[in-house]
Every structure is written in structure tokens, then in C-alpha cells.
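Now for the letters of each chain:
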Amino acid sequence: MKKLIALLLALVMVFALVACASETTPDASSDTGAETDAATETDTDAATDADDAADTEDTSDTATTDEPIYIPVMAKGFQHQFWQAVKAGADAAAAELGCEIYFDGPASETEIDAQVNMVKNEMAKNPKAMALAALSTDAVKEILAECAEKNIPVIGFDSGVPDDTSGAVKATAATNNEAAAAIAAEKFGEHPDLVAAMEAATPEAPVVIGCLSQDAVSASVTGRTTGFVNKMAEIAETYQPGAVSIEGHSKWEKKVENPAIIIRVEISATTEATAVQTAANALLSTAGIKAIFCSNEGAVTGFLAAVSDGMDLADGGKYADLIVAGFDAGAAQKNAVREGWFYGSVTQDPYQIGYQAVSMAYKAAMGEEVSDVDTGAQWYDANNIDDEMIALLVYD
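Bear in mind that the values here come from a model prediction, so they are computed numbers and not experimental data.

Trainee: Quick question: what am I supposed to make of the environment of V346 here?
Mentor: For V346, the location among the structural elements is in strand β11 (residues 344-348). Placed 162 residues apart in sequence, V346 and A184 show a C-alpha to C-alpha distance of 6.7 Å. When neighbours within four sequence positions are excluded, V346 is seen to be in contact with A180, I183, A184, G326, F327, D328, A377, Q378, W379 and Y380.

Trainee: Explain the environment of T375 to me, please; I cannot follow it from the model alone.
Mentor: Assignment of secondary structure puts T375 in the loop between β12 (373-374) and β13 (377-380). Once the C-alpha coordinates of T375 and T172 are considered, the two residues, 203 residues apart in sequence, prove to be 9.8 Å apart. For T375, the contacting residues outside a window of four places in its chain are A173, A174, T175, D349, Q352, I353 and Q356. Polar contacts involving the side chain of T375 include one to the main-chain amide nitrogen of T175, which spans 3.3 Å.

Trainee: Would you mind showing me how to read unusual backbone geometry here?
Mentor: Only a minority of non-glycine residues have a phi that is not negative, and only a minority of peptide bonds are not trans. Within the chain, D158 stands out as a residue other than glycine whose phi angle is a positive 60 degrees. Its place among the elements puts D158 in the loop between β4 (154-157) and β5 (169-174). The phi dihedral of D309 is positive, around 60 degrees, even though this residue is not glycine. Tracing the backbone through its elements, the reader meets D309 in the loop between α10 (297-306) and β10 (323-327). Note on D309: relative accessible area 59%, which makes it exposed.

Trainee: I'm lost on the packing of helix α6 (residues 177-188) against helix α8 (residues 219-237) in this one. Help?
Mentor: Two numbers describe a pair of packed helices, the interaxial angle and the distance between the axes. Between α6 and α8, the least distance of the axes is 7 Å, while the angle of their chain directions is 40 degrees. Of the two elements, α6 crosses α8, and the hand of that crossing is right-handed. The segment α6 lies against α8, with N177, E178, A181, A182, A184, A185, E186 and F188 engaging S220, G223, R224, T226, G227, F228, K231, M232 and I235. In terms of residue class, the contact of α6 with α8 is made up of eight nonpolar, five polar and four charged.

Trainee: In this structure, what is going on with the nonpolar core? I would like to understand it.
Mentor: Counting residues in each nonpolar core, the largest one holds 59 residues, and the members touching the most others are F157, L212, I292, F303, L313, L322 and F342. Non-local contacts of L322, meaning those with residues more than four positions away in its chain, are made with L284, I289, K290, A291, I292, F303 and L313. Counting residues in hydrophobic clusters, the runner-up holds 36 residues, among them A201, A233, A243 and A260.

Trainee: Explain the layout of surface pockets to me, please; I cannot follow it from the model alone.
Mentor: Rolling a probe over the atoms, with the probe sized like a water molecule, indicates the empty space that remains. What the largest pocket holds in volume is close to 1300 Å³. Lining the largest pocket are 38 residues, and of these K76, E109, D158, S218 and S220 lie nearest its centre. Where the lining of the largest pocket is concerned, the elements lending two or more residues are α3 (81-97), β5, α8, α10 and β12. Per-element accounting of the lining of the largest pocket gives the leading share, five residues, to α8. Taken together, the residues of the lining of the largest pocket break down into 11 nonpolar, 18 polar and nine charged. Taken as a whole, the second largest pocket encloses approximately 220 Å³ of empty space. Every residue along the wall of the second largest pocket is listed here: H191, D193, L194, A197, I289, K290, K318, Y319, A320, D321, L322 and I323. Elements supplying a minimum of two residues to the lining of the second largest pocket: α7 (192-200) and β9 (289-294). Broken down by element, the lining of the second largest pocket gets its largest block of residues, three residues, from α7. Tallied by class, residues from the lining of the second largest pocket come to seven nonpolar, one polar and four charged.

Trainee: It is not clear to me how the packing of α10 against helix α11 (residues 331-339) should be interpreted in this structure. Could you clarify?
Mentor: Put simply, α10 and α11 touch, their axes get as near as 9 Å, and they point 65 degrees apart. By the criterion of interaxial angle, the relationship of α10 to α11 is roughly perpendicular. Handedness of the α10/α11 crossing: left-handed. Residues E297, V300 and L304 of α10 touch α11, and the partners they reach there are A332, Q333 and A336. Looking at side-chain class alone, the contact of α10 with α11 contains four nonpolar, one polar and one charged residues.

Basis of the calculations
Residues numbered from 1 in each chain as written. Predicted model: local features only at pLDDT ≥ 70, side-chain atom pairs only at ≥ 80, totals over all residues. Heavy atoms only, no water. Helix = DSSP H or I, 4+ residues; strand = E, 2+ residues; numbered from the N terminus. Contact = heavy atoms within 4.5 Å. Polar contact = N/O pair within 3.5 Å; in protein donor to acceptor, adjacent residues only side chain to side chain. Buried < 20%, exposed > 50% of the residue type's maximum accessible area, 1.4 Å probe, protein only. Axes fitted to C-alpha atoms, helices over the stretch in contact; angles between N-to-C directions. Left-handed = near helix turned anticlockwise from the far one by under 90°. Nonpolar A, V, L, I, M, F, W, Y, C, P; charged D, E, K, R; others polar. Core = buried A, V, L, I, M, F, W, Y, C linked by side-chain atoms within 4.5 Å. 1 Å grid on protein atoms, 1.4 Å probe; cavity = no way out; pocket = protein on both sides within 12 Å on 5 of 7 lines; lining within 4 Å. Points joined across faces, edges and corners; volume = space filled by probe spheres on them. Parallel < 35°, antiparallel > 145°, perpendicular 65-115°, else oblique.

Set out below in C-alpha cells:
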């Protein structure tokens, strides 16, 4: 009996222990689910962080490769103030467009090899476009061919790159020299003394209007000579129809019988100052000479040497009644204008030459069509030479 009771007590204790164990054991399935949820959340956050990091890295890469367009601007010179004014315009355009430029040129406009080496150095930098005022088109033929092959557009400026056959030169930013010199002829046509002389001219006492040029080869000088001569002849014809003769050089000669007005073109034998002075003296000694146009700074320099640095043009001077106009600027020419010895002069706009050259090069680099641009010219005289707009253009 005692054994039976002991057995029953033992069974009761076993059941009690099992029941306690059931109440205190954690729910394994519940814990597993929580762990799974936590793991999923962690993985999702990690993936998001990784994506964000990748996005940041991509943005950084784009920023470092988005470099500004590089455009070398290769001038015919560097030290002369004309080229410094061109550079000022080029710098302004680069700042507006957000492109990078490098402006350079040889110390002298006779240093063709130096310019070629400069251009070659810039080509090694793989520019997107180039602006070039070539001292010699022949000297840069191979470079232009390389530009054409690599689709690097070239924009000519100032005298540009004449007679290019490579197709690399897309347009030119330059002064229309014929239109610019025509301004001087138009101003002559407004001068009351010259108008009166043309009206009163006869074949027996013809009026002579001279054009002094340094050479008959340079495109800019010949263009100015042509522009002045043609416009002056047109104006003179309104006063003496059929009696206007163009003489002095076969390139422009259009002679008529018994002229009342003669437009005489005088070209110096060489470009040296002494040769230009000799040509100026030939004009000054011509009977009936009333006005002279000097087509560039070199012509002005030679002419001023022939008139005692301008003093012969002053009141009471040997040529006080002579009407003179120049082209370009320079200290001596500006002084002649300020003193009233010159009626006035025409200046190119070098600032616009540089500005338009870079602007067109940038457009061409972006794949846009470009075409030649006339950068304009201005008349200046004693009344406006110090105006802000003109002062920038009348370089020494």
C-alpha cells in the first residue's frame, strides 16, 4: 500500500515539473519571426544606404568630368595695344560663356615660325575649337588639315586665315575693310570746303583727292584702298558726272578724258617708313591736291614725317588747308586728330574682333552653324576721341 502511494506521489511531481517547463519555455516561432523582420529591415536600410552612396559617387564623377570648353586664341602679335584690346574682348566673351581660353601671339608679326610652334603646342591640348589670325596660311596648312580631320572648328579673326582649303575654317570675325574706309570718303563728302571745291572743279583746274597706301598686297590695306576709292568716286560723281578719273595705280585705275576731279592712288615702293614718306611727298606736290586719306597706321606715319610731324598742317603751315583723314590709331595719329591737323580717322573695333572670335568659336564647338561677322569701325575726331566708347578703340 505504501509503495502504491509513493508511486502516485512521484507521478504527480513529474507532471508538475512538465507543466512548469511548458509555461517558462519561449515561443520559438515568435522569436524567429522577429529576428527575420529585424534582418529584413536591416538589409533594406543597407541597400538604401548603398544606393545613396552610389548616387553620390555618380554625381561626383559627373562634376569632375564636366570641364569647360577650351579654346586657344592665336593672334598675329601680342605686345601691341591693338592685340591687347583684342584680348580684352576675347576675355570678356570667355567669362560670359564660361569657356576657358588661352591668348597668345609672337612678339613680332614677322615671326611666322614662332606662331606655328605656339599653335602646335595648343593642338597638343586637344582643344574643342580654335581662333586663329595666321601670319601665313601656308605655314599652318598641316595644322589646319589636322583640325579638319579631328573636327576642330577654326575661327579666323582680324586678317583671318585667307585662302584656307582644308575646310577647317568655319568663319571669320574681322573688319570689313572696304566698308570701314568708305566711312572716311563719306566724311570727306560732308566737309564743306571739299564739297565747295568739288562743285567748282573744272578740267582746267581739277581737284585732286589722294589715297596714300603702304602696299598693294596686304588684304586689309588693299581692301581699304578699294573701299575709299570706290565710295569717293561715287560721291565725286554727284558733283561732276562723267568727269571723275581714278589714277596712279593700275590696280584701281579708271581714267577718263578731261577730268574735273582726280582720285589719285599713291602706293609706296616698299613698306618702309622712308618709302611711304616719299610717296606722301609725291601726293603733296600734286597740283590741285585738296584732301588725302592714309589707309593704315604705316601710311599715317610716313605722311606725318612728310609734314614735319604734323606741324605743316597747323594754322599758318604749308598745308594748313589740306583735309587729311587716317586709319587705325597710334600716339602720333591721335595727337594729329586732337590738334585738329587731321579732320579725323577711322578705327577698327579690336575689342569686338576678340569678343566675336571667341563667341563664334564657342558656338562652332557646340555644333552650331557660324558665318562671317563684320566687327565694325568707328570715325573719331577731336570732338569724340576721349569718349568712353571711342577711347577703348584708339589704341597706341
